[in-house]
Amino acid sequence: MSAPLIVLVGPMGVGKSTVGALLAARLGTGYRDTDADVVATAGKPIAEIFYDEGEEHFRALEREAVRAAVAEHAGVLSLGGGAVLDERTRALLADHPVVYLSMDVDEAVKRVGLNTARPLLAVNPRRQWRELMEARRHLYTEVARAIVATDERTPEEVAQAVLDALELPDAPPSGRENTRMTEQAPTRVQIAGSAGTDPYEVLIGRQLLGELPTLIGERAKRVAVLHPEALAETGEAVRQDLADQGYEAIAIQLPNAEEAKTVEVAAYCWKALGQTGFTRTDVIVGIGGGATTDVAGFVAASWLRGVRWIAVPTTVLGMVDAAVGGKTGINTAEGKNLVGAFHPPAGVLCDLAALDSLPVNDYVSGMAEIIKAGFIADPAILDLIEADPQAARTPGGPHTAELIERSIRVKAEVVSSDLKESGLREILNYGHTLGHAIEKNERYKWRHGAAVSVGMVFAAELGRLAGRLDDATADRHRAILESVGLPLTYRGDQWPKLLENMKVDKKSRGDLLRFIVLDGLGKPTVLEGPDPAVLLAAYGEVSA
């Protein structure tokens, strides 16, 4: 039997995952998170376990995860924030090197503000945080061999303090360990300015909310935080934090998902901005999935002919696609994103903590855009997914950050060269022509990624039938998409409707249908006016 070198306990958002990975890198050992073990066992996020089965059931799963981990894992281990509430779990920690990572209430609210699905921190974060800590602080102290405060410290400084407290050797990192340490700092991806627009950065990491005031800047007096109904608590927490820092901050609640992308919702936002006295120097912040950032950007583009805005995507789809590149828009009865504008944000904050509690179907939906980036430009993405498809479809996977970063870099390179989709940028629509047609046919009830998944299989078959794409690469589409749980087929009897929908696709020119297909892996190209019989044959390959 093995035993952990270090066990980290402490409240949600204190940074156990980040510090744990740093410690594992320094010590040359592995890192394990019992929350991730629980999610893997249950097959759904922790928030859903709470809501569906209740806290008692979750604690039982957690206790079993801790029992297995302390018996099997010889590296660094972190426990969920409430694990110490269970007496039997506390008993399992006896005689182990437990470190309690602590932080004060103001730091806590700042750090956990983006992760809305914290089941026990939902309405009034500051008050509920104090109540949680009153119930748990003595328990953390009871099981801990050492206490390390994290306030005003970087993750690297906290990791060093843990090593010092336990009197463990701090071996200088080298090789692979050094790379893992470096990855803990936020990654900054530059998007070049073009067509009269300013350059901006996409930040990828954790605990990024503190970057928001810097992006907003000192010239702004007012900030409007646009958020979907599902993120009401998050929107209010961010609004309050900005108000505490001196901004006149308002929160504007939008409908969830694609229901937000209407002219009526945009008009509601315009009215709120007008009543608040929003000026050209003020800033809009869009927090949510791709639909929210689409609307936020469109409202920013159209208010006073353009005000600054910042995207804070909270889904995989939002991070790797919708929030990057400046394409904003709303839907109409005639199609998706037919009304919009090119209006790049002033910055994008991709806080990976927001993904920890994302429902599995939403997470998997976002994988379609990551896989798309792999096929059109970066095959290394495909290799990472194929190595462990199950890990790739969960936020706790070992390659989550790398997959998201690689996908963003693909889009960054393309949009830096072609802001307004006059040429190269069209390749980002691989799989989207049929995908958008399916979404419209389903009245936007299908997830975007699911529709794009079917669209990519269709595009691969179209490329194969047109003599452009080899069999192995076409077949690889099906294997990878299916391995992460994305659909491959759609109703065969809907082809006439889908064909009509595709004729109003943004890539069409007059009556000429245009599709992005592959000449080979990483070699996207345009196929114009394919023979109707070839189109029908390709659709036959995805018909259910």
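What counts, and where the lines are drawn
Residues numbered from 1 in each chain as written. Predicted model: local features only at pLDDT ≥ 70, side-chain atom pairs only at ≥ 80, totals over all residues. Heavy atoms only, no water. Helix = DSSP H or I, 4+ residues; strand = E, 2+ residues; numbered from the N terminus. Buried < 20%, exposed > 50% of the residue type's maximum accessible area, 1.4 Å probe, protein only. Contact = heavy atoms within 4.5 Å. Salt bridge = Lys/Arg side-chain N within 4 Å of Asp/Glu carboxyl O. Axes fitted to C-alpha atoms, helices over the stretch in contact; angles between N-to-C directions. Parallel < 35°, antiparallel > 145°, perpendicular 65-115°, else oblique. Left-handed = near helix turned anticlockwise from the far one by under 90°. Patch = residues over 30% accessible without salt bridge, like charges linked within 9 Å, V, L, I, M, F, W, Y side chains within 5 Å. Areas by Shrake-Rupley, 256 points an atom, 1.4 Å probe, with all protein chains shown as cover. Nonpolar A, V, L, I, M, F, W, Y, C, P; charged D, E, K, R; others polar. Pairing = 2+ DSSP bridges. Phe/Tyr/Trp six-rings, centres within 6.5 Å; stacked < 30°, edge-to-face > 60°. Core = buried A, V, L, I, M, F, W, Y, C linked by side-chain atoms within 4.5 Å.

A. Spatial organisation of the overall build of the protein chain. A count of helices and strands for the protein chain gives 23 helices and 16 strands. Buried positions account for 55% of the 544 residues belonging to the protein chain. Counted over contacts in the protein chain with a minimum sequence separation of 6, partners at least 24 positions apart contribute 74%.

B. The arrangement of the pattern of salt bridges in detail. Counted by the stated rule, this structure contains 36 salt bridges. Across the pair Glu258 and Lys261 runs a salt bridge whose closest N-O atoms are separated by 3.9 Å. The class for Glu258 is buried, based on a relative accessible area of 18%. According to the relative accessible area criterion, Lys261 is buried, its value standing at 1%. Here Asp294 ties to Lys261 by a salt bridge, and the two come within 2.7 Å at their closest N and O atoms. Taken together, the residues Asp294 in helix 13 (residues 290-302) and Lys261 in the loop between strand 9 (248-254) and helix 12 (263-276) connect sequence positions 33 residues apart.

C. Just the packing of helix 22 (residues 495-502) against helix 23 (residues 532-540), in detail. Taken N-terminus to C-terminus, the directions of helix 22 and helix 23 make an angle of 120°; their axes are 12 Å apart at the nearest point. Taken together, the axes of helix 22 and helix 23 lie oblique to each other. Helix 22 and helix 23 meet at a crossing whose hand is right-handed. Between helix 22 and helix 23, the residues in contact are Trp495, Leu498 and Leu499 and Leu535, Leu536 and Tyr539, respectively.

D. Layout of a nonpolar patch on the surface. A cluster of nonpolar residues, Leu338, Val339 and Val504, forms a patch on the protein surface that exposes about 200 Å² of accessible area. Residue classification places Val504 among the partly exposed positions, given a relative accessible area of 40%.

E. Local environment of the packing of helix 20 (residues 448-465) against helix 21 (residues 471-483). Contact geometry for helix 20 and helix 21: axes closest at 9 Å, N-to-C directions at 170°. Taken together, the axes of helix 20 and helix 21 are roughly antiparallel relative to one another. Helix 21 is crossed by helix 20, and the crossing has left-handed handedness. When helix 20 is examined against helix 21, the residues Ser453, Met456, Val457, Ala460, Glu461 and Arg464 are found in contact with a partner set consisting of Asp471, Ala474, Asp475, His477, Arg478 and Leu481. In terms of residue class, the contact of helix 20 with helix 21 is made up of five nonpolar, two polar and five charged.

F. How the structure looks around the sheet that holds strand 11 (residues 308-313). Sheet architecture is open: seven strands sit in the order 6-7-14-11-10-8-9, paired in mixed fashion. At either margin of the open sheet sits one strand with a lone partner, and together these are strand 6 (187-191) and strand 9. Between one strand axis and the next, the sheet turns by 15° as a mean value, whatever way the strands run. Sheet topology note: the strand 7 (residues 200-205)/strand 14 (residues 347-351) ladder contains four bridges and is parallel. Note on strand 14: the bridge partner recorded for Ile204 is Cys350. The sheet contacts of helix 11 (residues 232-244) involve strand 8 (222-228), strand 9 and strand 10 (283-288), and relative to strand 8 the element is tilted by about 170°.

G. Just the packing of aromatic side chains, in detail. For the coordinates displayed, the defined rule picks out seven aromatic pairs. Members of the aromatic cluster, connected to one another through ring pairs, are Phe458, Trp495, Phe515 and Tyr539.

H. Region of interest: the environment of Ile216. By secondary structure assignment, the location of Ile216 is in helix 10 (residues 212-216). When its relative accessible area of 2% is taken as the criterion, Ile216 is described as buried. Through-space distance from the C-alpha of Ile216 to that of Gly347 is 9.0 Å; in sequence the pair is 131 residues apart. With residues near it in sequence (within four places) discarded, Ile216 still touches Val223, Leu242, Tyr247, Val283, Val285, Arg308 and Ile310.

I. Quick peek at the nonpolar core. Counting residues in each nonpolar core, the largest one holds 94 residues, and the members touching the most others are Val202, Ile284, Ile371, Ile385 and Phe458. Dropping the residues within four chain positions of it, Ile284 is found in contact with Ala224, Leu226, Leu273, Phe278, Ala296, Val299, Ala300, Val307, Arg308, Trp309 and Ile310.

J. Just unusual backbone geometry, in detail. In this model, Glu167 sits at a positive phi of 55°, which is unusual for a non-glycine residue. Note on placement: Glu167 falls in the loop between helix 8 (155-166) and helix 9 (175-182). Despite not being glycine, Asn337 has its phi angle at roughly 60°, a positive value. Within the secondary structure, Asn337 sits in strand 13 (residues 335-342).

K. Region of the structure containing the pairing of strand 10. Summarising burial for strand 10: six of the six residues are buried, a large majority. Side-chain alternation along strand 10 places Val283, Val285 and Ile287 on one buried face and Ile284, Gly286 and Gly288 on a second face that is also buried. Sheet topology note: the strand 8/strand 10 ladder contains four bridges and is parallel. Each residue of the ladder has a partner; that of Val225, found in strand 10, is Val285. Across six bridges, the pairing between strand 10 and strand 11 is parallel.

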